[in-house]
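# Results of the structural survey
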Amino acid sequence: MASRLVIDPITRIEGHLRIEAELDANNVVSNAYSSGTMVRGIEIILNGRDPREAWAFAQRVCGVCTTVHAFASIRAVEDALGITIPKAANLIRNLMIAQQYVHDHVMHFYHLHALDWVDVVNALKADPAATSALQQKISPWPNSSPGYFAEVQAKVQAIVDSGQLSIFANAYWGHPAYKLPPEVNLLAVAHYLEALDWQARATKIHTIFGGKNPHPNFVVGGVPMPIDLNSDTALNAERLAVINDSIAFITRFVDEVYLPDVLAIAPFYKEYAAIGGGLGNFLSWGEFPSGDIADTSSYLVPRAAILNRDLNNLVVPDPRDAAKMQEFISHSWYRYSGGDNLGLHPWQGETALNFTGPKPPYEQLEVEQKYSWLKAPRWNETPMEVGPLARVLIMYAAGHPQTKELVDLTLKTLDAPVEALFSTLGRTAARAIETKVFADAMRGYYDDLVATIRAGDTRTFNRDRWEPLSWPARAQGFGFMEAPRGALGHWVVIENGKIANYQMVVPTTWNASPRDHKGQMGAYEASLVGTPLAKPEWPLEILRTVHSFDPCMACAIHMVDATGRDVGELAIGLNVCVR
Amino acid sequence: MQRSVILGLGNILNTDEGVGVHALKALEMRCGSQMRAELIDGGTMGLSLLPLVEECDDLLVLDAVDAGRAPGTLVELARDQIPLFAGVRVSQHQVTFQEVLGLAMVRGKLPRRLHLLGIQPADTSLGIGLSAVAEATMPRLIARAREILQDWDALDAV
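Since this is a predicted model, take the numbers as computed values, not measurements.

Let us now look at the overall build of chain B. Counting its secondary structure elements, chain B contains four helices and five strands. Counting from the amino terminus, chain B carries its helices and strands in the arrangement β-α-β-α-β-β-α-β-α. Its C-alpha atoms give chain B a radius of gyration of 15 Å, near enough to 15 Å, the size a compact globule of 158 residues would have. Evaluated residue by residue, chain B yields a buried proportion of 61% over its 158 residues. In chain B, the proportion of contacts linking residues at least 24 apart, taken out of those at least 6 apart, comes to 81%. With an accessible surface of roughly 5800 Å², chain B has 51% of that area assigned to carbon and sulfur atoms.

Another point: the sheet that holds strand β5 (residues 113-119) of chain B. Residues and elements named next belong to chain B. A sheet is described by the order of its strands in space; here five strands give the open sequence β2-β1-β3-β5-β4, paired in mixed fashion. Looking along the sheet, the strands with just one partner apiece sit at the ends: β2 (38-43) and β4 (74-78). Averaged over all adjacent pairs, the angle separating strand axes in this sheet is 20°, with direction ignored. Here strand β1 (residues 4-9) pairs with β2 via five bridges, running parallel.

Attention shifts here to the pairing of β4 of chain B. Residues and elements named next belong to chain B. Across the two faces of β4 the burial differs, with V75 and L77 buried and L74, E76 and A78 not buried at all. In the sheet, β4 pairs with β5 via five bridges, with the strands oriented antiparallel. When the sheet's bridge partners are listed, A78 is paired in β5 with H115.

As a further point, take a nonpolar patch on the surface. On the surface, I44 and L353 of chain A together with L126 of chain B cluster together to form a nonpolar patch covering roughly 220 Å² of accessible area. Summarising the element assignment, L126 of chain B is placed in the loop between β5 and α4 (132-157). Under the relative-accessibility criterion, L126 of chain B is labelled partly exposed at 31%.

Our next topic: the nonpolar core. What tends to happen in soluble globular proteins is that the nonpolar side chains get buried as a cluster. Counting 164 residues, the largest nonpolar core has F209, L235 and L449 of chain A together with F97 of chain B as the members making the most contacts within it. Not counting chain neighbours up to four residues away, the residues in contact with F209 of chain A comprise I92, L95, M96, P224, M225, L235, I243 and L449 of chain A. By size, the runner-up hydrophobic cluster in this structure holds 23 residues, among which are L24, L27, A134 and W152 of chain B.

All right, on to the confidence of the model for chain B then. Within chain B, residue pLDDT values average 85, and 92% of them lie at 70 or more. Reported confidences for the modelled complex are a pTM of 0.90 and an ipTM of 0.81.

We now examine α4 of chain B. Residue and element names in this part refer to chain B. The end-to-end C-alpha distance of α4, which contains 26 residues, comes to 39 Å, matching closely the 38 Å that a straight helix rising 1.5 Å per residue would cover. Among all positions of α4, only A134, T137, M138, L141, I142, A145, I148, L149 and W152 are buried. Of the surrounding elements, those touching the buried residues of α4 are β1, α1 (19-31), β3 (58-64), β4 and β5.

Time to look at the sheet that holds strand β12 (residues 474-483) of chain A. Residue and element names in this part refer to chain A. Taken together, the three strands give an open sheet; going across it, the order is β12-β13-β14, and neighbouring strands pair in antiparallel fashion. One side of each edge strand has no neighbouring strand; the edge strands of this open sheet are β12 and β14 (498-505). Averaged over neighbouring strand pairs, the angle between their axes works out to 15° when direction is ignored. Pairing of β12 with strand β13 (residues 486-495), which is carried by 10 bridges, proceeds in the antiparallel orientation. Looking at β13, one finds that M481 is bridged to L488.

Attention now moves to the pairing of β1 of chain B. All names here are of chain B. Counted residue by residue, β1 has six buried out of six residues, so it is predominantly covered. Across five bridges, β1 lies against β3 in parallel orientation. The residue bridging V5 from the neighbouring strand is L59, located in β3. Taking the sense of rotation as the criterion, the β-α-β connection linking β1, α1 and β2 turns out right-handed.

Conventions we followed
- Residues numbered from 1 in each chain as written.
- Chains lettered and ligands numbered in written order.
- Predicted model: local features only at pLDDT ≥ 70, side-chain atom pairs only at ≥ 80, totals over all residues.
- Heavy atoms only, no water.
- Helix = DSSP H or I, 4+ residues; strand = E, 2+ residues; numbered from the N terminus.
- Rg over C-alpha atoms; globule rule 2.2 N^0.38 Å.
- Buried < 20%, exposed > 50% of the residue type's maximum accessible area, 1.4 Å probe, protein only.
- Contact = heavy atoms within 4.5 Å.
- Areas by Shrake-Rupley, 256 points an atom, 1.4 Å probe, with all protein chains shown as cover.
- Pairing = 2+ DSSP bridges.
- Axes fitted to C-alpha atoms, helices over the stretch in contact; angles between N-to-C directions.
- Patch = residues over 30% accessible without salt bridge, like charges linked within 9 Å, V, L, I, M, F, W, Y side chains within 5 Å.
- Salt bridge = Lys/Arg side-chain N within 4 Å of Asp/Glu carboxyl O.
- Core = buried A, V, L, I, M, F, W, Y, C linked by side-chain atoms within 4.5 Å.
- pLDDT = per-residue confidence, 0-100.
- Expected span 1.5 Å × (residues − 1).
- Right-handed = clockwise from strand over helix to strand, strands pointing away.

Here's what the structure looks like:
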């Protein structure tokens with residue numbers, strides 16, 4: 001693909017992920033290695049800066065994850081300096097975070113992951129009348145007439161006929177692993193196109209609370225938008241009404257399109273309920289505090305871990321525990337001053353780059369040595385999976401009623417036992433399930449916000465510790481956000497008013513982690529083992545599982561069979577990137 | 001009234017990668033108040049930029065451009081020279097701005113006028129601020145951006 005482009009002027013890639021998979025004689029993945037091939041380095045840039053400004057740099061780490069890094073950063077600084085935020089500010093943050101989930105998950109599904117299951121070209125064979133009947137059976141969504149689906153089909157036909165294919169170019173259309181009937185394909189393609197119109201309106205909440213999109217404003221101590229029902233420039237009655245409408249608009253798409261589509265598609269891919277399970281260990285830092293963030297029992301998503309698929313025993317992880325929350329670099333291109341086989345807690349974390357790999361372009365990673373720019377984060381020296389599946393399993397295990405109801409509905413649709421959740425399909429279903437839970441939670445946060453304002457509590461910013469003179473000489477803090485793709489943590493050390501150390505452990509570092517000091521695989525690596533490939537030169541099955549994690553990176557899938565022979569490479573044309 | 005947008009793209013954490021965003025700020029400082037066009041910092045956002053692209057009539061994109069030229073070269077691409085492209089993606093975060101343009105085209109909502117102005121980067125390693133080589137080209141980029149906008153204004157006035 002790269003070679004097709006003479007000029008690649010505006011490639012935007014947040015770093016590369018490279019997967020090397022070994023195949024056995026039956027084309028089943030027998031071993032896998034996951035490597036981040038670009039260094040992030042934000043930690044180095046932040047040292048010595050004003051901690052109140054860290055979020056503005058942190059949010060540039062990734063164009064899609066701006067909000068999550070900004071929130072983790074301001075929460076880390078607030079934690080370090082002992083700043084509590086007003087009630088209205090917390091509710092506004094919860095609304096922004098919930099909106100981010102819904103927006104991100106819907107777009108991830110339709111614009112990345114759905115195309116792993118939906119054959120766009122095959123949708124041309126669908127009968128529009130039968131598609132209409134199917135749509136009306138699964139949901140009350142109004143765009144359901146035979147005429148509507150015929151129009152969508154004509155659009156797809158025009159794209160295919162144009163030759164250049166544009167948005168649908170270079171995929172694996174016709175791959176034998178695509179199994180949906182043409183009508184389901186057409187339905188999903190229609191919603192692929194509709195999701196683009198939906199997202200334009202779905203970002204409204206961020207525009208109102210954060211100011212100018214695409215880069216909203218954040219502030220340590222609260223939210224930057226004041227509340228004054230009689231002011232044109234503050235959060236007023238008119239803006240609250242827009243938010244109210246926006247919540248209804250966002251939620252409807254989840255209820256009537258996203259969730260029904262996932263439940264309609266999943267039964268055709270039941271084999272993926274037994275593929276891609278991976279580690280069986282799950283971690284969440286928790287999210288949606290209803291009051292003081294220090295009180296983790298107030299969170300909608302609990303701060304918890306699951307070990308060895310044991311849903312009966314939730315473990316409570318402490319991100320401040322230096323003996324348990326550690327990053328290892330035995331197989332990562334870094335150097336620790338105390339030796340490379342140590343684990344370091346992020347507050348003591350070091351970011352000394354030490355590239356020892358082959359000079360690119362190379363055929364194969366030196367997997368016995370260091371082979372990734374990602375460190376290997378571990379909880380109690382155990383590799384963990386983070387993300388929607390972790391959160392849904394934790395909410396399920398904690399007995400959250402709506403989660404339980406939605407999980408049970410999904411399992412019934414699939415006619416599968418609870419073990420089926422530990423899979424690629426489980427991960428994809430969990431994403432849709434939590435989208436519904438968080439979309440519905442927005443209604444509660446909104447009502448609570450309105451009630452808080454009515455009660456006269458309109459404070460959105462706590463300025464008590466804004467001035468560095470009010471800070472201790474040394475402080476350290478932990479900030480988190482359960483980002484759409486998983487547990488995100490920022491650890492900050494502040495000395496004499498400046499950042500003395502800053503470490504991020506991002507979701508994709510947990511999931512795409514290389515092996516550690518004990519040789520234990522990371523989540524992607526473990527989940528790929530055992531995956532059968534129908535056409536190794538078109539490794540669609542590997543993409544399905546990697547996509548099910550929603551990686552925050554771009555990548556080249558590099559296939560190597562057991563003899564070390566190259567069987568295909570999908571290099572993406574690119575020039576400039578950061579992870 | 002036609003809506004004109006100048007969109008600065010790039011990552012300011014990677015030296016010249018952020019040239020589009022730096023150029024946008026320079027334009028804003030020098031002539032922000034006199035300009036009819038809206039100045040928008042698009043950073044490295046992918047698909048979220050689609051509504052923005054589709055809602056403008058005239059779009060001038062500022063960005064780092066790898067055109068295989070000498071570092072610091074001013075690069076200019078007219079509407080038809082910008083490849084609209086998408087392909088197999090491994091991450092949702094891999095949506096290129098070209099793909100955003102490709103989607104807008106498929107949806108029949110590509111801006112009436114579209115132009116790309118950029119600089120061939122000298123250094124895209126980790127770091128804040130531009131390389132001296134890119135910095136030296138910046139005045140020419142700013143001047144050219146103003147010319148393009150004036151040309152568009154003149155065309156609209158006819």
